[in-house]
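# Working through the structure, step by step
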Amino acid sequence: MRTRFSRNNSDALTVDLTPMIDMVFILLIFFLVTASFNKMNAIDIQRPDGATNDMQGAVSLVISIDAENGVWIEGEPVDIRKLRGRVKTLSGAHTSVMLNADRSVNTGRLIEVLDQVRLAGVDNVAVATAKQ
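In short, a report on the structure. (Residues numbered from 1 in each chain as written. Predicted model: local features only at pLDDT ≥ 70, side-chain atom pairs only at ≥ 80, totals over all residues. Heavy atoms only, no water.)

### A word on the pattern of salt bridges
The tally for this structure, following the rule as stated, stands at 3 salt bridges. One salt bridge connects arginine 86 with glutamate 76, and the closest N-O pair in it is separated by 3.8 Å. Separated by 10 residues along the polypeptide, arginine 86 in helix α2 (residues 83–90) and glutamate 76 in strand β4 (residues 76–78) bring together distant segments of the chain. With a relative accessible area of 27%, arginine 86 lands in the partly exposed category. Using a relative accessible area of 44% as the deciding quantity, one classes glutamate 76 as partly exposed. (Salt bridge = Lys/Arg side-chain N within 4 Å of Asp/Glu carboxyl O. Helix = DSSP H or I, 4+ residues; strand = E, 2+ residues; numbered from the N terminus. Buried < 20%, exposed > 50% of the residue type's maximum accessible area, 1.4 Å probe, protein only.)

### Section: the packing of α2 against helix α3 (residues 107–119)
Their axes nearest at 8 Å, the elements α2 and α3 cross at an angle of 45 degrees. On the basis of their axis angle, the class for α2 and α3 is oblique. Regarding α2 and α3, the two cross each other, and that crossing is right-handed. Here Leu83, Arg84, Val87 and Lys88 of α2 come into contact with α3, specifically with Val113, Gln116, Val117 and Leu119. Here the contact of α2 with α3 is composed, by residue class, of 5 nonpolar, 1 polar and 2 charged. (Axes fitted to C-alpha atoms, helices over the stretch in contact; angles between N-to-C directions. Parallel < 35°, antiparallel > 145°, perpendicular 65-115°, else oblique. Left-handed = near helix turned anticlockwise from the far one by under 90°. Contact = heavy atoms within 4.5 Å. Nonpolar A, V, L, I, M, F, W, Y, C, P; charged D, E, K, R; others polar.)

Written as structure tokens, this is what we have:
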């Protein structure tokens, strides 16, 4: 008696790509979580020149003042009377704020914004300047 061995097409070796796809997604999530994103301004600001340009790590909140003395937080216009409340709600315990003011902004307006930010409980405030 002779037995025959035959292979079925369904028994063919296949490569399982699931672990590789899982690994790619895990790496993608890792890079998205650890990446730092720059907060871009939605308004056009001409920064004043400064001799000392210190980058003080990651800034958690950007407040802009345009050439018409309008105040913007994260690209949205804000009334100066509501600025302190908005900064309090958007800021955490260890917040730093970057004031991004146009070079033609009145000094009085800059001081008003700075006072409102400090009254909101933020001590780490910097004014953005352009490199000379």
